[in-house]
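Working through the structure, step by step
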Amino acid sequence: MSATRIDTAGMPARRSAAPALILLAALVAALLIAPVWIYPVFMMKLLCFALFAAAFNLLLGYTGLLSFGHAAFFGGAAYVSAHAMKVWQVTPEVAILAGIATAVVLGLVIGAIAIRRQGIYFAMITLALSQMFYFFCLQAPFTNGEDGIQGFSRGRLFGLVDLNDTMNLYYFIAAVTVLGLLAIWRIVHSPFGQILKAIRENEPRTISLGYSVQRYKLAAFVMSAALAGLAGSLKALLFQFATLTDVAWNMSGEVILMTLLGGIGTMAGPVVGAAILVGLQNFFATSGFPVTIVLGATFMICVLLFRRGVVGELAHWLESRKA
Amino acid sequence: MTTHPAAVRSDAGASRAVLSARGLTKRFGPFLAVNNVDIDIHHGRVHALIGPNGAGKSTVFNLLTKFYTPTAGRIVLDGTDITAMDPARVARMGMVRSFQISATFGDMSLLDNVCIALQRPNHLSVQFWRPLSSLDRLRPRAMELLDRVGLADMAQRRAADLSYGRKRALEIATTLALEPRVLLLDEPLAGMGHEDVENMASLISTVARDCALLMVEHNLRVVADIGDEITVLQRGEVLARGDYATVSTDPRVREAYMGSEDGGH
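This report concerns the structure included in the present document.

Definitions and cut-offs
Residues numbered from 1 in each chain as written. Chains lettered and ligands numbered in written order. Predicted model: local features only at pLDDT ≥ 70, side-chain atom pairs only at ≥ 80, totals over all residues. Heavy atoms only, no water. Pairing = 2+ DSSP bridges. Helix = DSSP H or I, 4+ residues; strand = E, 2+ residues; numbered from the N terminus. Contact = heavy atoms within 4.5 Å. Axes fitted to C-alpha atoms, helices over the stretch in contact; angles between N-to-C directions. Buried area = accessible area lost by both parts, 1.4 Å probe. Salt bridge = Lys/Arg side-chain N within 4 Å of Asp/Glu carboxyl O. Polar contact = N/O pair within 3.5 Å; in protein donor to acceptor, adjacent residues only side chain to side chain. Nonpolar A, V, L, I, M, F, W, Y, C, P; charged D, E, K, R; others polar. 1 Å grid on protein atoms, 1.4 Å probe; cavity = no way out; pocket = protein on both sides within 12 Å on 5 of 7 lines; lining within 4 Å. Points joined across faces, edges and corners; volume = space filled by probe spheres on them. Phe/Tyr/Trp six-rings, centres within 6.5 Å; stacked < 30°, edge-to-face > 60°. Buried < 20%, exposed > 50% of the residue type's maximum accessible area, 1.4 Å probe, protein only. Lys NZ or Arg CZ within 6 Å of the ring centre and 35° of its normal. Parallel < 35°, antiparallel > 145°, perpendicular 65-115°, else oblique.

**Things to note about the sheet that holds strand S5 (residues 80-81) of chain B**
Residues and elements named next belong to chain B. Strand order in this open sheet of four strands is S2-S1-S4-S5, and the pairing throughout is antiparallel. Each edge of the sheet is formed by a strand with only one pairing partner; in this case those strands are strand S2 (31-42) and S5. Relative to S2, strand S1 (residues 17-28) runs antiparallel, the two being bridged by eight bridges. Bridge assignment links Arg 27 to a residue of S2, and that residue is Leu 32. In the packing of helix H2 (residues 57-64) onto the sheet, contacts are made with S1, S2 and strand S4 (72-77), and the angle to S1 comes to roughly 120°.

Structure follows, in structure tokens:
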């Protein structure tokens, strides 16, 4: 065999974290000054969906599991947070925690059943179970059926900061979203994240190395559900209502669209995808032109012309230029 | 935990049988793929499983590694009955397999490929809160393993970009990271060029000094070279077993297999 000398000091270093830190600093700076030019409510909506898509991407992009039922976690958490604020009159942070807890429980149940199957069957099971949850929400008395839960005060964060003030709310949602994105970044770039990637790349091989992949998949599923729940709770807090739209299958479809549009398996992709989708929705909402046609066309262009997604194509172009 | 009587008997031989199967049978519906196969894999020896296409070699291989559940029969690893265990647990007990189609983590570097295997025994696989730098302490060992298979100078390359022969070598390095007691290789030389075959064959015989090794292989020249024990399968049953000289002179084997192939490939 080769006589290469093993010199650990001379080993090429892992890719440095500097670009990621620069990106993070730019993101934080942009978020701080964005409300000067951009309508804060639009920004907040965008942030909620960016976090939702990033949570979804943790599962699709980094574990290779396509869930078609993420609306259950997003909407379930939104309902419970809204209910907690309206009926239990708790502070917003407690309501958000209640929402996340709901998403975790739903994630455990749906995940434990779905990970027994792979590929399209996995997707169909998640869809079926989330539709069951949709009908539960339609029937359950506390969700108020078609009306949804609405008309509650956002209250004071930790009993101190009034979130009914738009700028307070903006900085709170921006901070929580950044923390959520950082959590995803950490999970992806961790020893655990490496095993998730290994499962994505070659599941039988990962099993043959002694990993009980079902446990890793379930853990990833629950983490993704929890973060989707956080996004749903933030959305309920922002719009002060939770309705059936949040748990319907369209919502599961939208988050897939955002992730594919931005680029699966990239950190910035879901954020960009969410920005494009929410931006288009907002722009065409007032135009009278049916927004679904625009979204459909956007998706087709994406699939036909840049299959890696916006960020994926950009990263690929930069790589190839470097090479 | 039970010890199979037959396994004990084989222990009385020159070396210890680490892995033993008795009466191994697998049905797929009405089709009897493997029928009543007995096999013993010994420490420090290369055991080759050969036979014509469709003889049931890969099925036996998947049964031994628990990727298939046997319809009947028992499998004992180091005195422990593993017949009902799941494949991940069997792997944790030290029995590691390779795959017919080379199994690497394509979008990861060679170094990361080997680190994946090192993470579990080093208890670094569930920490989702720790940075990737916590895996740095595995890297010297991973580099050693890559060096052992001649891939140290391309540690940062993507596994998907490797040539076929090098992917197989990477797979061996990944497997060795687990310090297996039993190593099962599914056609390790298939599709390799002449030079790669020689390198891999010498690697296999070196590796077999420290573990029990079973390989399914078509290349009879290599089997003759490095195989200490050979089991010939035909239509799911054991046709002959023994060293290469014994097996290759067996008239039934000559008729069923080698007659047509003339002992070479």
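Continuing now.
**Observations concerning the interface of chain B and chain A**
Each partner contributes to the interface: chain B provides 47 residues, whereas chain A provides 33 residues. Overall, the association of chain B and chain A removes approximately 3,500 Å² of surface from exposure, summing both partners, and the carbon and sulfur fraction of that is 63%. Along the contact surface separating chain B from chain A lie one salt bridge. A salt bridge links Arg 200 of chain A to Asp 107 of chain B; the shortest N-O distance between them is 3.8 Å. Where chain B meets chain A, there are 15 residue pairs in polar contact (both at pLDDT 80 or more). Looking at the side of chain B that touches chain A, the elements that each hand over two or more residues are helix H3 (87-92), strand S6 (95-97), helix H4 (110-119), helix H5 (139-148) and helix H6 (164-176) of chain B. Considering every element that reaches the side of chain B that touches chain A, the biggest residue donor is H5 of chain B, with six residues. The residue inventory of the side of chain B that touches chain A, partitioned by class, reads 23 nonpolar, twelve polar and twelve charged.

**Comments concerning empty space enclosed by the protein**
Under the counting rule described, the total for this entry stands at one cavity of 30 Å³ or more. In this structure, the largest cavity spans a volume of roughly 40 Å³. What lines the largest cavity is Ser 208 of chain A together with Thr 65, Phe 67, Pro 87, Val 90, Ala 91, Met 95 and Arg 97 of chain B. Of all the secondary-structure elements, those providing two or more residues to the lining of the largest cavity are H3 and S6 of chain B. Split into classes, the residues belonging to the lining of the largest cavity amount to five nonpolar, two polar and one charged.

**Details of the packing of aromatic side chains**
For the structure shown, the criterion picks out 16 aromatic pairs over all chains. Here Phe 52 of chain A and Phe 74 of chain A contribute two aromatic rings whose centre-to-centre distance is 4.2 Å and whose plane-to-plane angle is 20°, an arrangement assigned as stacked. Here Phe 74 of chain A lies in helix H3 (residues 71-86) and Phe 52 of chain A lies in helix H2 (residues 40-63), a separation of 22 residues in the sequence. For the pair Phe 52 of chain A and Phe 74 of chain A, a shared accessibility class is recorded, and that class is buried. Look at Phe 128 of chain B and Trp 129 of chain B: their rings are 5.1 Å apart centre to centre, the planes differ by 85°, and that puts the pair in the edge-to-face class. Accessibility expressed as a relative area gives 33% for Phe 128 of chain B, which makes it partly exposed. For Trp 129 of chain B, a relative accessible area of 52% gives the class exposed. Aromatic rings pair up to connect Phe 192, Tyr 211 and Tyr 216 of chain A together with Phe 128 and Trp 129 of chain B into one cluster. Cation over ring: Arg 97 of chain B sits above Phe 67 of chain B, and NZ or CZ is 4.7 Å from the ring centre.

**Side note on the packing of H6 of chain B against helix H7 (residues 194-207) of chain B**
All names here are of chain B. Two elements in contact, H6 and H7, have axes separated by 10 Å at closest approach and are oriented at 10°. In this view, H6 runs roughly parallel relative to H7, as classed from their interaxial angle. Between H6 and H7, the residues in contact are Gly 165, Arg 168, Ala 169, Ile 172 and Leu 176 and Asp 196, Met 200, Leu 203 and Val 207, respectively. Its residues assigned to classes, the contact of H6 with H7 comprises six nonpolar, one polar and two charged.

**Observations regarding the sheet that holds strand S8 (residues 212-216) of chain B**
Residue and element names in this part refer to chain B. Within the open sheet, the six strands sit side by side as S6-S7-S8-S3-S9-S10. Their pairing is mixed. A single partner strand is all that each edge strand has here, and the edge strands are S6 and strand S10 (237-242). On average, each strand axis in the sheet is inclined to that of its neighbour by 15°, with strand direction left out of account. By the bridge criterion, four bridges tie strand S3 (residues 46-50) to S8 in an arrangement that is parallel. Bridge pairing links His 47 to Leu 214 in S8. Each of S6 and strand S7 (182-186) touches H6; the most contacted strand, S7, lies at about 160° to it. Across the sheet, H7 touches S3, S7 and S8, and the angle it forms with S8 is around 150°.

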